Amino acid sequence: MPPISPFVFATCNVGSEASLKAEVFRSHGKVLTPAFMRPGLITWKSKIELPSDFDMQSVFARTSGFSHGLGKTIGDIASLVQKMGTSPLHLHLFPRIPPEDEWVEQDRARIDTLRASLSAALAEKNVSIQAPMNPALGDWILDLIVEPDSEQSLVGLHQHDHDKHPSPGGLPRIDQPPEAPSRAYLKMEQALAWQGLSREKTLSGLTALELGCAPGGASYSLLKRGIRVFGVDTGTMDDRVLNFQENEGPAFTHLRTTAGAVSSHSLPPKIDLLVSDMNLAPPIVLKYVEALQRRIRAKILIVTLKLNDRSLEEKIPLYLKHFAQFAPGPISATQLAANRREICLFSRV
Ligand SMILES: C[S@@+](CC[C@H](N)C(=O)[O-])C[C@H]1O[C@@H](n2cnc3c(N)ncnc32)[C@H](O)[C@@H]1O
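Reading guide: rules and limits
Residues numbered from 1 in each chain as written. Predicted model: local features only at pLDDT ≥ 70, side-chain atom pairs only at ≥ 80, totals over all residues. Heavy atoms only, no water. Buried < 20%, exposed > 50% of the residue type's maximum accessible area, 1.4 Å probe, protein only. Helix = DSSP H or I, 4+ residues; strand = E, 2+ residues; numbered from the N terminus. Pairing = 2+ DSSP bridges. Near = heavy atom within 4 Å. Polar contact = N/O pair within 3.5 Å; in protein donor to acceptor, adjacent residues only side chain to side chain. Contact = heavy atoms within 4.5 Å. Axes fitted to C-alpha atoms, helices over the stretch in contact; angles between N-to-C directions. Parallel < 35°, antiparallel > 145°, perpendicular 65-115°, else oblique. Nonpolar A, V, L, I, M, F, W, Y, C, P; charged D, E, K, R; others polar. Phe/Tyr/Trp six-rings, centres within 6.5 Å; stacked < 30°, edge-to-face > 60°.

Colleague: Help me understand the pairing of strand 3 (residues 41-46), please; the structure alone is not making it clear to me.
Modeller: Within strand 3, five of the six residues are buried, which leaves the element mostly enclosed by the surrounding structure. In terms of strand pairing, strand 1 (residues 7-11) meets strand 3 through five bridges, oriented antiparallel. Among the inter-strand pairings, Val-8 is bridged to a residue of strand 3, identified as Trp-44. Bridging between strand 2 (residues 32-38) and strand 3 involves six bridges; their strand directions are antiparallel. Looking at the pairing, Pro-34 lines up with Trp-44 of strand 3. Between the antiparallel neighbours strand 2 and strand 3 lie two residues, among them Gly-40 with a positive phi of about 85 degrees.

Here's what the structure looks like:
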């Protein structure tokens, strides 16, 4: 059992620190006191001894766990990890300030070089480290959150679970193709990576219904994965999406209407994924998604909720409660790296 620290950490999108701090105060204010805050990272001290399975259960925290302090050099970090006495571990090394939208070669190279040096330093101290990806439920993950301009890293530890990101820091290295019609491509790809659905062919042959699909970034991601898409929006779709061919026929069907007016005869008999990215208030989005889900019974739901007004953040637990009432299975919620003032809800059978 890994050693438990009185400190906990959470990483988040730069700009979401106040949202994260307020969320943690609402859920754990009696126990956790903020210790330090930097862009993309907050730590707290606990007033009580936390159980080893303590989970912050925060939507704005993309990664969270126990904090074991700052290591200034690779040698310091290796010593800290050795003192923790936990192995084998998955090593998740990632930058405190995530790359803006896409990883550039320089970011990748810096993280990979640091990772290689650190793995070597740890091996010298007989600490064994597993491959960084695909942790199993319950596996312990060593988080090393790297400062922008030095080797200094915060050393953290968390346990993998179904709602946790499998890639280091929840920052999968996904590139947006230049022809993608919108940033929603990246949001969809990150949502699939979060839920371990991004491997080739996992979703091929399925059918999706997307509410709020224009101009088509998310649909483009799904189409490229071999998914047939029915898209609902009164807005104009990008030609690449409209003309996307599969088996010599169009793979995208545009239902040029609103989510509340989708008629059953325009839908295929079986829909596997229900996706929503409508720019409407969360209760209205949930009302439309619920009504459609009760009709189509999709196995997978991916819903973006826009939180344009910060006062809506307090209501996230209510939105999740509503979502759980019609979701096909356990629910998860996170703020993806590509989410601006919004969060992503997920559920599958
Ligand atoms: C953020 S954009 C969607 C981006 C899109 N998912 C993509 O991949 O490019 C929000 C969209 O929601 C649509 N929308 C707003 N209200 C809607 C409604 N009641 N039914 C369907 N779509 C709606 C808007 O027309 C707008 O195109």
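Colleague: Just to check I follow, could you spell out the site of the ligand for this structure?
Modeller: In the region of the ligand, 19 residues are neighbours, and Ser-182, Ala-218, Asp-233, Ala-259 and Asp-277 sit closest. One nitrogen or oxygen atom from the side chain of Asp-277 is found 2.9 Å from a nitrogen atom belonging to the ligand. Here an oxygen atom of the ligand sits 3.4 Å away from a polar atom, N or O, in the side chain of Asn-279.

Colleague: How do you make sense of the side chain of Glu-313 when you look at a structure like this?
Modeller: Along the polypeptide, Glu-313 turns up in the loop between strand 15 (300-306) and helix 8 (316-326). Dropping the residues within four chain positions of it, Glu-313 is found in contact with Ser-19, Arg-26, Phe-60, Leu-307 and Arg-341.

Colleague: I keep staring at the packing of helix 7 (residues 282-296) against helix 8 and nothing clicks. Help me out?
Modeller: For any two helices packed against each other, the geometry comes down to the angle between their axes and how far apart the axes lie. At their nearest, the axes of helix 7 and helix 8 sit 10 Å apart, and the two run at 5 degrees to each other. Taken together, the axes of helix 7 and helix 8 are roughly parallel relative to one another. Contacts from Pro-282, Pro-283, Leu-286, Lys-287, Val-289, Glu-290, Gln-293 and Arg-294 of helix 7 reach helix 8 at Tyr-319, His-322, Phe-323, Gln-325 and Phe-326. In the contact of helix 7 with helix 8, the residues fall into seven nonpolar, three polar and three charged.

Colleague: Where do I start with unusual backbone geometry in this structure?
Modeller: Trans peptide bonds make up the majority, and among non-glycine residues the majority have a negative phi. A cis geometry characterises the amide bond from Ala-214 onward to Pro-215, with omega recorded as 5 degrees. If you check the backbone angles, Gln-57 has positive phi at about 50 degrees while not being a glycine. With respect to the helices, strands and loops of the structure, Gln-57 is situated in the loop between strand 3 and strand 4 (63-71). Taking the relative accessible area as the measure of exposure, Gln-57 reaches 59% and is therefore exposed. A positive phi angle is found at Arg-297, which is not glycine, with a value near 50 degrees. Residue placement: Arg-297 occurs in the loop between helix 7 and strand 15.

Colleague: Just checking my understanding: could you explain the environment of Arg-228 for this structure?
Modeller: With respect to the helices, strands and loops of the structure, Arg-228 is situated in strand 10 (residues 228-232). Arg-228 sits 77 residues away from Leu-305 along the chain, and the two C-alpha atoms are 24 Å apart. Beyond its immediate sequence surroundings of up to four residues, Arg-228 is in contact with Leu-206, Thr-207, Ala-208, Ala-251 and Thr-253.

Colleague: In this structure, what is going on with the packing of aromatic side chains? I would like to understand it.
Modeller: Aromatic ring pairs: the centre-centre distance and the angle between the two ring planes describe each pair. Taken as a whole and judged by the stated rule, the model has four aromatic pairs. Centroid distance Trp-194 to Phe-346: 6.1 Å. Interplanar angle 65 degrees. Geometry classified as edge-to-face. Taken together, the residues span a long stretch of sequence, with Trp-194 in helix 4 (residues 184-194) and Phe-346 in strand 17 (residues 342-348) at a distance of 152 residues. Phe-346 gets classed as buried once you look at its relative accessible area, which sits at 1%. Look at Tyr-220 and Phe-244: their rings are 6.1 Å apart centre to centre, the planes differ by 80 degrees, and that puts the pair in the edge-to-face class.

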